[in-house]
Amino acid sequence: MTLAGDEADWFGDDPTHPIPRIFVLDIHAKAADGAGQLELVIASPLRNDRRSKERLLRKLDVYLDFIHSEAWRDEHGPPARPTARINVLINRDSDSEMLELVESCRMWVEEDNHTSFNILHR
């Protein structure tokens, strides 16, 4: 994707946005059962605008890239639904279209990337 003008810095750090840092894993932990678990935290309401959609999808892509990385394989083995998990913790006051967008990512994450995908409303 090529972005022009103001769109070019859509993915830069922005402490005022509900997804402030795109290229940082919010939480990476090893679950009690040994599975690798990533948590994407959206603590404030996510509005239905193009920038928020692009930031959300890019952040999920960063998480999936990590799950397919050598570092992940060294710690957790190859991606498989029982051992690779992404939890999206999203503010319950987010626009309904954004909640639907997160839900629409389920097949991409689970089927295409062999990763469990959970959505938790906070």
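First, a word on scope: everything that follows refers to the structure included in this document. Chains are numbered independently. Their residues run from 1 in the order of the written sequence. Only residues with pLDDT of at least 70 get local features here, since the model is predicted, and only at 80 or more are side-chain atom pairs given and counted; chain-wide, interface and lining totals rely on the full set of residues. The side-chain figures draw on all heavy atoms in the structure; neither hydrogens nor water molecules are used.

**A short note on the pattern of salt bridges**
- Should a side-chain nitrogen of Lys or Arg be within 4 Å of a carboxyl oxygen of Asp or Glu, the pair is scored as a salt bridge. Enumeration over the complete set of coordinates arrives at 10 salt bridges.
- For the salt bridge of Arg-51 with Asp-14, the shortest nitrogen-to-oxygen distance reads 2.9 Å. Here Asp-14 lies in the segment before strand E1 (27-30) and Arg-51 lies in helix H1 (residues 50-67), a separation of 37 residues in the sequence.
- Burial classes: relative accessible area under 20% of the type maximum marks a residue as buried, over 50% as exposed, and values in between as partly exposed (1.4 Å probe, protein chains only). The exposure class assigned to Arg-51 is partly exposed, which follows from its relative accessible area of 23%.
- Note that Lys-59 is salt-bridged to Asp-26, the shortest N-O span being 3.0 Å. One end of the pair, Lys-59, is in helix H1; the other, Asp-26, is in the segment before E1, and 33 residues separate them in sequence.
- By relative accessible area, which is 1% here, Lys-59 ends up buried.
- Residue Asp-26 is classed as partly exposed on the basis of its relative accessible area of 33%.
- The network of salt bridges with common partners includes Glu-103, Arg-106 and Glu-110. Only DSSP runs of H or I reaching four residues or more are called helices, and only runs of E reaching two or more are called strands; each is numbered from the N terminus.

**Some details on H1**
- The span you would expect from a helix comes to 1.5 Å times its residue count less one. The terminal C-alpha atoms of H1 lie 26 Å apart, and with 18 residues this matches the ideal 26 Å at 1.5 Å per residue to within 8%.
- Along H1, the residues classified as buried are Ser-52, Glu-54, Arg-55, Leu-56, Lys-59, Leu-60, Val-62, Tyr-63, Leu-64 and Ile-67.
- Between a side-chain oxygen at the N-terminus of H1 and the backbone nitrogen of Arg-51 the separation is 3.2 Å; the capping residue is Asp-49. In protein, a polar contact requires one atom able to donate a hydrogen and another able to accept it; more generally it is a pair of N or O atoms within 3.5 Å, and residues adjacent in sequence count only if both atoms are side-chain atoms.

**Section: the sheet that holds E1**
- Pairing is mixed in the open sheet, where four strands are placed in the order E1-E2-E3-E4. Pairing within the sheet leaves two strands with one partner each, and these edge strands are E1 and strand E4 (116-121). Neighbour to neighbour, the strand axes of the sheet diverge by 20° on average, direction disregarded.
- The pairing of strand E3 (residues 84-90) with E4 spans six bridges and is classified as parallel. By the bridge assignment, Arg-85 is partnered in E4 with Ser-116.
- Contacts from H1 reach E1, strand E2 (36-42), E3 and E4 within the one sheet, and its direction differs from that of E2 by about 165°.
- Residues are treated as being in contact if the distance between any of their heavy atoms lies within 4.5 Å. Axis lines are fitted through C-alpha atoms, for helices just across the contact stretch, and the angle between N-to-C directions can take any value from 0 to 180 degrees. Each of E3 and E4 touches helix H4 (residues 106-113); the most contacted strand, E4, lies at about 155° to it. DSSP calls a pair of strands paired once it identifies at least 2 bridges connecting them.

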